[in-house]
Amino acid sequence: MEEDIKNVYAPHEANNAVYCQALDSAITRRKCKIAEDKERGENIQARIAFLQIEEEQFWRETLQLETEINRLEEEEIQSDRAITSLAKKVQDSLSKRVSLRQSLKT
């Protein structure tokens, strides 16, 4: 009788052992996958943080460049005004010279 019981339960025990090994293997693979996903997620978060810092730096540099452009444009405007003023003075001076010459001729 004992032999019959062993014959009946032995295949089930073998199947249980195989099932347990397969289950352990699946659990181990899943744990590895979770660890990889967690690491990948941490890497993605680090990359996002890095890109946010780069974006902030880009906007700071853009603002500095825009400020510099505005300053240069203002200098150009003042330079143009100075040139216009000098040109007017030269024209006035030439007009006076012409007037003086004409008055000296008469």
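Please read all numbers here as calculations on a predicted model, not as lab measurements.

Draft legend 1. Fine view of the overall build of the protein. On a plain count of helices and strands, the protein comes out with one helix and zero strands. Counting the 106 residues in the protein, one finds 1% classified as buried. Accessible surface for the protein amounts to roughly 10100 Å². Of this, 58% is attributable to carbon and sulfur atoms.

Draft legend 2. Structural view of a nonpolar patch on the surface. A grouping of Tyr 19, Leu 23 and Ile 27 is seen on the molecular surface, where their side chains present a nonpolar patch of about 290 Å² in accessible area. Owing to a relative accessible area of 38%, Leu 23 belongs among the partly exposed residues under this scheme.

Draft legend 3. Layout of the pattern of salt bridges. Enumeration according to the criterion identifies five salt bridges in this entry. For Arg 71, the salt bridge is made with Glu 75, and the minimal N-O distance between the two is 2.2 Å. Taken together, the residues Arg 71 and Glu 75, both in helix α1 (residues 2-105) and four residues apart, mark about one turn of the helix. Of the residues examined, Arg 71 reaches a relative accessible area of 39% and is grouped as partly exposed. Accessibility expressed as a relative area gives 41% for Glu 75, which makes it partly exposed. When the shortest N-O distance is used, the salt bridge between Lys 88 and Asp 92 registers 3.8 Å. Placement of the pair is Lys 88 and Asp 92 together in helix α1, with a separation of four residues, close to one helical turn. When its relative accessible area of 36% is taken as the criterion, Asp 92 is described as partly exposed. Residues joined in a network through salt bridges with shared partners are Lys 33, Asp 37 and Arg 40.

Rules used throughout
Here, residues in each chain are numbered from 1, in the same order as that chain's written sequence. Side-chain atom pairs in this predicted model are given and counted only at pLDDT of 80 or more, local residue features only at pLDDT of at least 70, and totals for whole chains, interfaces and linings cover all residues. Side-chain numbers here rest on the full set of heavy atoms in the structure, without hydrogens or water. We count a stretch as a helix when DSSP gives it H or I for four or more residues in a row; a strand needs E for two or more, and each element gets its number in order from the N terminus. Accessible area is worked out with a 1.4 Å probe on protein chains only. A residue is then buried under 20% of its type maximum, exposed over 50%, and partly exposed in between. Accessible surface is estimated by sampling points in the Shrake-Rupley manner with a 1.4 Å probe; for residues, cover comes only from the protein chains shown. For patch building, the residue pool is restricted to those with more than 30% relative accessible area and no salt bridge; the joining distance is 9 Å between like charges and 5 Å between nonpolar side chains (Val, Leu, Ile, Met, Phe, Trp, Tyr). Salt bridges are defined as contacts in which a side-chain nitrogen from Lys or Arg sits within 4 Å of a carboxyl oxygen from Asp or Glu.

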